[in-house]
Amino acid sequence: MERCAARRAPEEERRVRANARDYNEKFQYASNCIKTSKYNIITFLPVNLFEQFQEVANTYFLFLLILQLIPQISSLSWFTTIVPLVLVLTITAVKDATDDYFRHKSDNQVNNRQSQVLISGVLRQEQWMNVRVGDIIKLENNQFVAADLLLLSSSEPHGLCYIETAELDGETNMKVRQAIPVTSELGDTSKLARFDGEVICEPPNNKLDKFGGMLYWKENKYPLSNQNMLLRGCVLRNTEWCFGLVIFAGPDTKLMQNSGRTKFKRTSIDRLMNTLVLWIFGFLVCMGVILAIGNAIWEHEVGVCFQIYLPWDEGVHSAFFSGFLSFWSYIIILNTVVPISLYVSVEVIRLGHSYFINWDKKMYCAKRRTPAEARTTTLNEELGQVEYIFSDKTGTLTQNIMVFSKCSVNGHSYGDAQEMLGHKAELGERPEPVDFSFNPLADPRFQFWDPSLLEAIKLGEPHVHEFFRLLSLCHTVMSEEKSEGELYYKAQSPDEGALVTAARNFGFVFRSRTPKTITVHELGRAITYQLLAILDFNNIRKRMSVIVRSPEGKIRLYCKGADTILLERLHPINHDLTNVTTDHLNEYAGEGLRTLVLAYKDLEESYYEEWSERLHRASSAHEAREDRLAQLYDEVEHDMMLLGATAIEDKLQQGVPETIAILTLANIKIWVLTGDKQETAVNIGYSCKMLTDDMTEVFVVTGHTVLEVREELRKAREKMMDASRSTSNGFSYQEKLSSSKLTSVLEAITGEYALVISGHSLAHALEADMEVEFLETACACKAVICCRVTPLQKAQVVELVKKYKKAVTLAIGDGANDVSMIKTAHIGVGISGQEGIQAVLASDYSFSQFKFLQRLLLVHGRWSYLRMCKFLCYFFYKNFAFTMVHFWFGFFCGFSAQTVYDQYFITLYNIVYTSLPVLAMGVFDQDVPEQRSMEYPKLYEPGQLNLLFNKREFFICIAQGIYTSVLMFFIPYGVFADATRDDGAQLADYQSFAVTVATSLVIVVSVQIGLDTGFWTAINHFFIWGSLAAYFAILFAMHSDGLFQMFPNQFRFVGNAQNTLAQPTVWLTIALTTVVCIMPVVAFRFLKLDLKPELSDTVRYTQLVRKKQKTQHRCMRRAGPVGSRRSGYAFSHQEGFGELIMSGKNMRLSSLALSSFTARPSTGWIETLRKKKGSDSSTAGSPSSAASKTLKV
């Protein structure tokens, strides 16, 4: 197993010889054993403890524990620190051990799978972990591929085999792989045992779609590509058996190379908490210094007078040294201002929030049986602070279910109908769908609404026939026929499946394929074409071609691809047809349809033979193979004849416009980053209400040079500022403005703007000298759409906003091209859709539909942020109230580091007495119900501005804690100075004082958390009152005779609790302390609620009013006569709603009405803070004011 983890020098190339273990082992290639676990039985304890003590907090408490073991400076028993420390270390260790156990279990399950390995001419059953590079293994149908194999032969003709790659990329459709012809005949073990070919190929890497190498055998060399490889993680399908040569094993396989860990993400609250803990530690040191100086002065002035009966400890010879020891003693006593339970509690709360997301039935998609999933527990509260969303279009905003909608053939457009497919129409408006009953192989689910296209087929229109012939031949679809006439297509993309299905219904049925042939039924007649070459699609070429030979011997190239690429490769003779087709393309794109251009080219036999020879040589090249192939592809794909264009509809997902409208109201800015063409993206922008007709202007940036892009951005900024000059005191634009000045001007713009920028323009805009100009222009716009962008550009845009804006970003996508964007953003969300699961695997959260993002942010995100902030505020408050009492006591005990409380109370305060109530609040609390969170998006803004927990709120909590500690100490101290017991004896003794202060503290913090709790559940009640009951039960138990008799040295306060709490004076003191501590808080909150309510307060008040109105309305309805039916409106109206609704903005009336109602008391101060935040960020920029205008009343 240890060989799994062995490190080797990086390879430059890999040499593998078949059936030669001795030769291959000298290269020390990795075995096929995998190891994803971190520990074993021997290393677990030391390695896990080492990892845990990497945390500063754990190291800090270990340091305190060591100090407590020094008798000269410790006035507390060691267990007050070691109990919580061991508890935390144990909980974390158990969690880590459990996770690693499951990793071990998974590793063992995989490593012990059986595989048939050819050893000395005989097939033997071997465990996967014992497979070695250079071995030949046999796979059977439905078996997992054990390692990265070079396919040698199979049971299928021509060395074909079929695989499913769901574990690699999430795609469940079958893919075909083929052995090279020279090895495809090696079908039996005797021939394979004599096979001694040597493969020289690329070193291990994580590129799933690329492989380059050469096979040297019998003095010949043969090129190898990804089409010859079976990768680990794939499953063999529809193939009885195959043989493969192991090229990469274990950790070198592409599957394992892609399993690298995602970059660890931390929330802004985490970073702030680390800063605050450092500040608290500094404060702790300051208190220790003050008390140490006090000790030195007291010992020098007063203590020397008591040396006879109160001598210094052994080794202490001066007041200064006594003060030095006292410093460390107080560091130990006061360390509870930073309790170790804080970090555990935070993780428990986050875990609870994650389960709420996983259990949310309203984010469950019944159609796909897919629940929402929180794939991380560390980012929940940051979901309540998002300001920028970066979204993919296809499959994220749209369904990625493609429907063949329209087409243009030889300058004639087909598919125009009164209503588009899938849209509701009034009865009689839409024509009947085309009748495909003449075709027994037609797909019954396919519908088309223009019968003239079918008429052209039946009339024998040659261009239309050639159009559908191209669609039936130029693809990589696999066909499966389960029964006669029942065809199932397995396509690598939904677009391709839609095109082949369209050809099938119009009579050009793709029936089957082999590596060298394609069989098509053309209007009922079976025709087999010889497949000479496939010029495959990639993101650079943006096109795909096939070269086929017809039964008549004619060689023809068929090509389909993006219009930007294909139109420039046409023969000049197509000029007029190109203009007409371009008009059709623009029309289709304007309707939001996805377009492709189709073309063909006839090839001479002699030219093809010569070109094919050059193609073979390029394929065999060991260097620059990809470049040489691209040049040959480019050469043959010129001077083509235009056939026409296709238009495919990708429908919007349900609820997308409503979700975008509501998120915009929450002051969240949405940027769409898509690879689609500009017209399609813009139309989708209008469909989902990102772009509206009443926008002031939509800026389109399409410059091809740096100067053009800079000029277009400058003009856009000028136009935006021209509109606001009247409100900017005559400010005139200057070319060289500082970033902060520019930001302040752009914040003052009036009107709503949108920016659309293409990929080639974006490449210039992202350059270092222009990125700030682009960002400021984009952030001043309400909507931003980036078209024709690459996956890298998506990540760069997200990184740009993260770099210059103090804002939380979220990226959402569904495909492999969105992975880099998802990993770059603060929060990554994966849509489990049609494009596999790579985006989901890279994400922090996943669900199946874009509309669930609204609930994730406005409900779960907002609640998580609210709960975490309330938890932290209360936690710091209760610990300062608890700890600072020691500080005040120091001035009355000669700075002797004597504790106020019993040491058991100190140990149990954060573990038992106050831990569960604050956890319940942190997990379950709500300010308003979920319906109101969705109904009033403005409630989301405090999280974006970080209002609920920041440095100011922290100091307020600390001040309240210190205030409470002062009263907690001095009120009992003052009362006890002159108080007597019922029997006339003096009440003031140390033990009674300790019990009184401790009881006051527990009651005060319990009442305080009751005030802080906004949403009461049975669990809250049980934890709060249960903790109080537990305190009294433990208190009386520890002061009982039984424990004293068993442990007389440990429980010395025997009978004290019973005697102290039997005195009415003590209870009056506790009541007085509680009232004086709590009443100012109650008064302050009452005045704040009355004079300056927050939006959530107003929402709650509105709820109460509505309930009362409903009750009164019911009573009136029962008592009064039936009213007039003339009007269905409410009692009064506000002007302006009609125009707003007609403008197409989807938002709820109650949200608008409430926001206008609360504009004066609450929205104003939020806007003031937002502007202040913007002015503070200077070069870092600011949240756009355009997005802050989320509500117009």
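For the structure itself, look to the data block above.
These numbers come from a predicted model, not from an experiment.

Draft legend 1. Seen up close, the overall build of the protein. Scanning the protein for helices and strands turns up 42 helices and 33 strands. A burial count over the protein gives 54% of its 1193 residues as buried. Of all intrachain contacts in the protein linking residues separated by at least 6 positions in sequence, the fraction that spans at least 24 positions is 74%. Just so you have it, the protein exposes about 53,500 Å², and 57% of that area is on carbon and sulfur atoms.

Draft legend 2. Layout of helix 18 (residues 656–665). Burial of helix 18 is extensive: 9 of the 10 residues sit out of reach of the surface. All of the buried residues along helix 18 are Val656, Pro657, Thr659, Ile660, Ala661, Ile662, Leu663, Thr664 and Leu665. Backbone geometry just after helix 18 places Asn667 at a positive phi near 65°.

Draft legend 3. Just the sheet that holds strand 15 (residues 386–391), in detail. In spatial order, the strands read 14-33-32-31-15-27-30-29-28; together these 9 strands make up an open sheet with mixed pairing. Each having just a single partner strand, strand 14 (373–374) and strand 28 (697–701) make up the two edges of the open sheet. The sheet contact formed by strand 15 and strand 31 (residues 808–813) spans 5 bridges and is parallel. Bridged to Ser391 within strand 31 is Ile812. Of the strands in this sheet, strand 28, strand 29 (753–758) and strand 30 (783–787) touch helix 19 (residues 678–687), which is tilted by about 155° from strand 30. Contacts from helix 27 (residues 852–890) reach strand 15, strand 31, strand 32 (827–831) and strand 33 (845–847) within the one sheet, and its direction differs from that of strand 33 by about 140°.

Draft legend 4. Region of interest: the pattern of salt bridges. This structure, assessed with the given rule, holds 51 salt bridges. Note that Glu202 is salt-bridged to Lys254, the shortest N-O span being 3.3 Å. With a gap of 52 residues between them, Glu202 in the loop between strand 8 (198–201) and strand 9 (213–217) and Lys254 in helix 7 (residues 254–257) connect regions that are remote in the sequence. Two residues, Arg1085 and Asp1012, come together in a salt bridge whose shortest N-O distance is 2.6 Å. Of this pair, Arg1085 sits in helix 37 (residues 1064–1091) while Asp1012 sits in helix 33 (residues 990–1012), placing them 73 residues apart in sequence. Taking the relative accessible area as the measure of exposure, Arg1085 reaches 35% and is therefore partly exposed. According to the relative accessible area criterion, Asp1012 is buried, its value standing at 14%. In this structure, a network of salt bridges that share partners links the residues Glu466, Arg469, Glu522, Arg556 and Asp602.

Draft legend 5. Fine view of the pairing of strand 26 (residues 641–652). Buried residues dominate strand 26, accounting for 9 of its 12 residues. Judged from the 7 bridges that link them, strand 25 (residues 594–603) and strand 26 form a sheet pairing that is antiparallel. Following the sheet pairing, Tyr600 is matched in strand 26 by Met641.

Draft legend 6. Seen up close, the side chain of Arg513. Inspection of the secondary structure puts Arg513 in strand 20 (residues 508–513). Within the buried set, Arg513 has no salt-bridge partner at all; the shortest N-O distance to an opposite charge, 7.4 Å, is to Glu496. A polar contact is formed between the side chain of Arg513 and the backbone oxygen of His475, at a distance of 3.4 Å. At 2.8 Å, the side chain of Arg513 forms a polar contact with the backbone oxygen of Val477. Non-local contacts of Arg513, meaning those with residues more than four positions away in its chain, are made with His475, Thr476, Val477, Met478, Ile518, Leu531 and Ile534.

Draft legend 7. Spatial organisation of the sheet that holds strand 9. If you walk across this open sheet you meet the 4 strands as 1-8-9-10, and the pairing is antiparallel. Two strands in the sheet have a free side with no partner beyond their single neighbour: strand 1 (14–17) and strand 10 (220–224). Within the sheet, the average angular offset between the axes of one strand and its neighbour, ignoring direction, is 20°.

Draft legend 8. Fine view of the packing of aromatic side chains. Under the counting rule described, the total for this entry stands at 62 aromatic pairs. A centroid spacing of 6.4 Å and a plane angle of 35° characterise the contact between Phe404 and Phe446, whose relative ring orientation is tilted. Placement of Phe404 in strand 16 (residues 398–409) and of Phe446 in the loop between strand 17 (412–414) and helix 11 (451–458) is noted, with a sequence separation of 42 residues between them. By relative accessible area, which is 2% here, Phe404 ends up buried.

Draft legend 9. Here's a closer look at helix 32 (residues 951–978). Between the first and last C-alpha of helix 32 there are 42 Å, a value that for 28 residues agrees with the 40 Å anticipated at 1.5 Å per step. With a side-chain oxygen positioned 3.1 Å from the backbone nitrogen of Arg952, the residue opening helix 32 is Asn950.

Draft legend 10. Seen up close, the packing of helix 27 against helix 28 (residues 903–913). Between helix 27 and helix 28, whose axes approach to 12 Å, the crossing angle comes to 170°. In terms of orientation, helix 27 and helix 28 fall into the roughly antiparallel class. Residues Phe875, Lys878, Asn879, Phe882 and His886 of helix 27 lie in contact with helix 28, whose contacting residues are Phe905, Ile906, Tyr909 and Asn910. Here the residues of the contact of helix 27 with helix 28 sort into 5 nonpolar, 3 polar and 1 charged.

Draft legend 11. Just unusual backbone geometry, in detail. The phi dihedral of Asn19 falls on the positive side, at around 55°, and the residue is not glycine. Of note, Asn19 is situated in the loop between strand 1 and helix 1 (21–25). Given the relative accessible area of 32%, Asn19 is considered partly exposed. With a phi close to 55°, Gln28 is a non-glycine residue in the positive phi region. Considering the arrangement of structural elements, one finds Gln28 in the loop between helix 1 and helix 2 (44–52). On the basis of relative accessible area, Gln28 is assigned to the exposed category, the value being 58%.

Draft legend 12. Representation of the side chain of Asn505. Tracing the chain through its elements places Asn505 in helix 13 (residues 494–505). Only 3.0 Å separates the side chain of Asn505 from the backbone nitrogen of Asp443, close enough to count as a polar contact.

Draft legend 13. Focus on the state of the cysteines. All told, the structure shown has 0 disulfides when counted by the stated rule. Considering cysteine sulfurs only, Cys242 is the nearest to Cys161, which forms no disulfide, with 5.0 Å between them. Residue classification places Cys161 among the buried residues on the basis of a relative accessible area of 0%.

Draft legend 14. Spotlight on the environment of Ala994. The residue Ala994 is located in helix 33 in this model. Overall, Ala994 belongs to the buried group, its relative accessible area being 2%. In this structure the C-alpha to C-alpha distance between Ala994 and Ala1057, which are 63 residues apart in sequence, comes to 9.7 Å. What Ala994 contacts, discounting residues up to four positions off in sequence, is Val900, Tyr901 and Phe1053.

Quick notes on the rules
Residues numbered from 1 in each chain as written. Predicted model: local features only at pLDDT ≥ 70, side-chain atom pairs only at ≥ 80, totals over all residues. Heavy atoms only, no water. Helix = DSSP H or I, 4+ residues; strand = E, 2+ residues; numbered from the N terminus. Buried < 20%, exposed > 50% of the residue type's maximum accessible area, 1.4 Å probe, protein only. Contact = heavy atoms within 4.5 Å. Areas by Shrake-Rupley, 256 points an atom, 1.4 Å probe, with all protein chains shown as cover. Pairing = 2+ DSSP bridges. Axes fitted to C-alpha atoms, helices over the stretch in contact; angles between N-to-C directions. Salt bridge = Lys/Arg side-chain N within 4 Å of Asp/Glu carboxyl O. Lys, Arg positive; Asp, Glu negative; His and termini not counted. Polar contact = N/O pair within 3.5 Å; in protein donor to acceptor, adjacent residues only side chain to side chain. Phe/Tyr/Trp six-rings, centres within 6.5 Å; stacked < 30°, edge-to-face > 60°. Expected span 1.5 Å × (residues − 1). Parallel < 35°, antiparallel > 145°, perpendicular 65-115°, else oblique. Nonpolar A, V, L, I, M, F, W, Y, C, P; charged D, E, K, R; others polar. Disulfide = S-S within 2.5 Å.

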